[in-house]
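Here is how the chains run, residue by residue.
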Amino acid sequence: MKILVVGGGGREHALVWRLARDSAKPDLFCAPGNAGTAALAQNLAIEASDGAGLLAWARRERPDLTVVGPEAPLCEGLVDVFQAEGLAAFGPCREAARLEGSKVFSKEVMVRAGVPTARAEAFNAFEPAAAHVRRLGGPAVIKADGLAAGKGVLICPTPESAEEALREAMVRRAFGEAGRQVLVEEFLEGEEVSVLAFVDGANVAL
């Protein structure tokens, strides 16, 4: 069995580490991988963002399974492309990945589904957003809508700092296109927990 893991971070190292211990003893490849994956798999000189390069390799090598780790290629539809080629790929399709790729979209889904979540308003222009945080008059959380490499969430203790965060995202474009639209969310105080678990063989993230 031949398995390709797409990505080069700690998440992909963990995936390769676990796959290397599978009883099937698969041949593992990681694109681009890192020093950790190099000890367990063959790293490939293909970036996770290089969809064309990944597809060309997969067409030639025909992996039995491709596991896509990073958010960006998932949001760009890499799983859809592989599946259209008859290549088995594990990860959400492009539409499902919108839950990760757009904070506004994920908030809308949570509200429609009745999932408890902080109150929020979406804005695509600076002035209305700044007026909103001034009306709130207290702490707020500013979130760039798109993917921003983990840097697109700004916790602001005052309206002034929230307005500056909006200026950083929407005027100075500190997060590029990810900050073209923002979510202004109420500040909630408490513990934050991320849970990763394997349930009946399925990877579940909460």
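Since the structure is predicted, the reported quantities are computational estimates derived from the model, not experimental observations.

**Student:** Help me understand the overall build of the chain, please; the structure alone is not making it clear to me.
**Tutor:** Per the secondary structure count, the chain includes nine helices and 11 strands. With respect to the principal axes defined by its C-alpha atoms, the chain has extents near 60 × 35 × 30 Å. Across the 206 residues that make up the chain, the buried fraction comes to 38%. Within the chain, residue pairs in contact and separated by at least 24 positions form 56% of the contacts whose partners lie at least 6 positions apart. In the structure as shown, the chain presents an accessible area of about 11700 Å², 54% of it carried by carbon and sulfur atoms. Computed over 22 positive and 28 negative side-chain charges, the separation of the two mean positions in the chain equals 2 Å.

**Student:** I'm lost on the sheet that holds strand β9 (residues 182-186) in this one. Help?
**Tutor:** The strands making up a sheet associate through backbone hydrogen bonding, with each pair oriented either parallel or antiparallel. Spatial ordering of the open sheet is given by β6-β9-β7-β8, a layout of four strands whose pairing is antiparallel. Where the open sheet ends on each side, the last strands, each with one partner, are β6 (120-123) and β8 (153-156). Across the sheet, the mean angle separating the axes of adjacent strands is 20 degrees when strand polarity is ignored. Direction of pairing for β6 relative to β9: antiparallel, over a ladder of four bridges. Across the sheet, the residue bridging to A120 is E185, located in β9.

**Student:** Can you help me understand the nonpolar core in this one?
**Tutor:** Proteins that are soluble and globular tend to have nonpolar side chains buried together. Ranked by size, the top nonpolar core spans 20 residues in total, and within it L4, V6, L44, L54, W57 and F82 carry the most contacts. Mapped by element, the contributors of at least two residues to this core are β1 (2-7), β2 (27-32), α3 (51-61), α4 (71-75) and α5 (78-84). Looking at which element gives the most residues to this core, the answer is α3, with four residues. In terms of nonpolar packing, the next biggest core, distinct from the first, is built from 19 residues, I142, A148, C156 and A165 among them.

**Student:** Even after reading the chapter, I still don't get the packing of helix α8 (residues 126-136) against helix α9 (residues 159-171), so can you show me in this structure?
**Tutor:** For any two helices packed against each other, the geometry is given by the interaxial angle and the distance between the axes. At their nearest, the axes of α8 and α9 sit 9 Å apart, and the two run at 165 degrees to each other. In terms of axis orientation, α8 runs roughly antiparallel to α9. Taken as a pair, α8 and α9 cross one another with a handedness that is right-handed. In this structure, α8 contributes F126, A129, A130, V133 and R134 to the contact, and α9 contributes P159, A162, E163, L166, R167, M170 and V171. Residue classes in the contact of α8 with α9 are distributed as nine nonpolar, no polar and three charged.

Definitions and limits used
Residues numbered from 1 in each chain as written. Predicted model: local features only at pLDDT ≥ 70, side-chain atom pairs only at ≥ 80, totals over all residues. Heavy atoms only, no water. Helix = DSSP H or I, 4+ residues; strand = E, 2+ residues; numbered from the N terminus. Buried < 20%, exposed > 50% of the residue type's maximum accessible area, 1.4 Å probe, protein only. Contact = heavy atoms within 4.5 Å. Areas by Shrake-Rupley, 256 points an atom, 1.4 Å probe, with all protein chains shown as cover. Lys, Arg positive; Asp, Glu negative; His and termini not counted. Charge placed at Lys NZ, Arg CZ, Asp CG, Glu CD. Pairing = 2+ DSSP bridges. Axes fitted to C-alpha atoms, helices over the stretch in contact; angles between N-to-C directions. Core = buried A, V, L, I, M, F, W, Y, C linked by side-chain atoms within 4.5 Å. Parallel < 35°, antiparallel > 145°, perpendicular 65-115°, else oblique. Left-handed = near helix turned anticlockwise from the far one by under 90°. Nonpolar A, V, L, I, M, F, W, Y, C, P; charged D, E, K, R; others polar.

Keep in mind these numbers describe shape, not what the thing actually does.
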